[in-house]
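Listed below, chain by chain, are the residues.
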Amino acid sequence: MGKASRDKRDIYYRKAKEEGWRARSAFKLLQIDEEFNIFEGVKRVVDLCAAPGSWSQVLSRKLYLPAKLAPDAKDEKLPLIVAIDLQPMAPIEGVIQVQGDITNARTAEVVIRHFDGCKADLVVCDGAPDVTGLHDMDEFVQSQLILAGLTIVTHVLKEGGKFIAKIFRGKDTSLLYCQLKLFFPVVTFAKPKSSRNSSIEAFAVCENYSPPEGFNPKDLHRLLEKVGSPSGVDDTDCVSGWLEGPNKVYIPFLACGDLTGYDSDRSYPLPKVDGGTYQSLDPVQPPIAPPYKRALELKKASTQGFKELENLSLDS
Ligand code: SAM
């Protein structure tokens with residue numbers, strides 16, 4: 001797809017470039033905030049699976065920069081933003097970057113160390129595996145990322161804090177909802193307007209972190225496994241038999257963002273500059289080491305190889 005054609009078919013992609021966001025995902029976090037006011041009072045935040053960095057940009061613009069530019073700004077009062085991804089990311093003002101795998105305990109330790117004994121007010125996780133198109137498989141891998149995120153949450157989030165995590169809606173959505181409800185009394189699944197209807201993605205907005213009494217983070221996986229089992233944990237609204245029958249759980253699901261605003265599934269005409277032609281902007285910050293980099297290098301090398309072969313056969 002050409003740049004202009006993508007600009008036409010993806011209004012949030014175009015708007016992201018116009019507003020200086022590295023990815024259209026920025027609008028998802030902004031629209032979640034419009035509905036849930038997630039940044040209120042936030043001083044410390046963890047951005048899991050952050051590359052190329054549009055959510056970190058939102059955190060920097062909403063939290064760090066206003067505090068830095070305030071008349072009484074002091075370094076020790078500035079918000080702490082820690083961003084983690086497998087991929088390296090170009091720098092963002094006020095964001096500490098950690099390159100690592102969130103499913104690895106070592107990464108969690110590095111994050112915890114940055115907080116130096118203090119706890120975070122907010123953890124966000126926009127993690128996504130490379131999608132295979134096999135829904136069950138994609139949903140499973142996605143749920144592993146959320147559970148890795150939840151593990152970090154149990155170590156770094158303060159009581160009363162919030163956790164926002166990307167989910168893939170599927171047959172295990174109710175299970176995930178009940179698992180999250182063990183730790184958060186209020187869990188809403190939100191679909192921002194900038195997330196396409198055709199996509200199974202949604203976001204779990206988990207409020208007021210309240211781990212069970214006497215909870216030890218080491219017991220997380222054992223506790224999660226008990227959810228939904230006959231001898232399971234019944235201290236949420238997910239009582240035994242929650243999948244069907246009279247106790248069936250109904251998940252609060254909310255569309256968010258200005259519902260009269262741009263529709264991510266629609267094409268919009270391209271604005272012409274001074275009545276002339278449309279000028280497509282370049283992406284704000286292309287990924288600096290994307291996983292597909294090697295494939296592009298190989299493709300380029302083989303195209304060059306073919307050209308050389310062609311020239312040889314023309315010469316002979
Ligand atoms: N929120 C980002 C933004 O606004 O720019 C976009 C995140 S992108 C949809 C998903 C990211 O998840 C990718 O950058 C990928 O490298 C990261 N990711 C996937 N699995 C991961 C893992 N196990 N640990 C850390 N990052 C991971």
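Structure: see above.
Residues numbered from 1 in each chain as written. Predicted model: local features only at pLDDT ≥ 70, side-chain atom pairs only at ≥ 80, totals over all residues. Heavy atoms only, no water.

Caption draft 1: Structural context of a nonpolar patch on the surface. A cluster of nonpolar residues, Leu134, Met137, Phe140 and Val141, forms a patch on the protein surface that exposes about 380 Å² of accessible area. Relative to the assigned elements, Val141 resides in helix H6 (residues 135-156). With a relative accessible area of 32%, Val141 lands in the partly exposed category. (Patch = residues over 30% accessible without salt bridge, like charges linked within 9 Å, V, L, I, M, F, W, Y side chains within 5 Å. Areas by Shrake-Rupley, 256 points an atom, 1.4 Å probe, with all protein chains shown as cover. Salt bridge = Lys/Arg side-chain N within 4 Å of Asp/Glu carboxyl O. Helix = DSSP H or I, 4+ residues; strand = E, 2+ residues; numbered from the N terminus. Buried < 20%, exposed > 50% of the residue type's maximum accessible area, 1.4 Å probe, protein only.)

Caption draft 2: Quick look at the packing of aromatic side chains. Summed over all chains, the structure comprises 9 aromatic pairs. Ring centres of Tyr177 and Phe189 lie 6.0 Å apart, and the angle between their planes is 90°; this geometry places the pair in the edge-to-face category. Linking Tyr177 in helix H7 (residues 173-181) with Phe189 in strand S6 (residues 186-192), this pair joins segments that are 12 residues apart in sequence. Exposure class is identical for Tyr177 and Phe189. Each is buried. Arranged with centres 5.3 Å apart and planes meeting at 45°, the rings of Phe184 and Tyr209 form a pair that is tilted. Of this pair, Phe184 sits in the loop between H7 and S6 while Tyr209 sits in the loop between strand S7 (201-207) and helix H8 (220-226), and the two are 25 residues apart along the sequence. Relative accessible area serves as the criterion here: at 0%, Phe184 is assigned to the buried category. Residue Tyr209 is classed as buried on the basis of its relative accessible area, which comes to 3%. (Phe/Tyr/Trp six-rings, centres within 6.5 Å; stacked < 30°, edge-to-face > 60°.)

Purely geometric numbers; function is a separate question.
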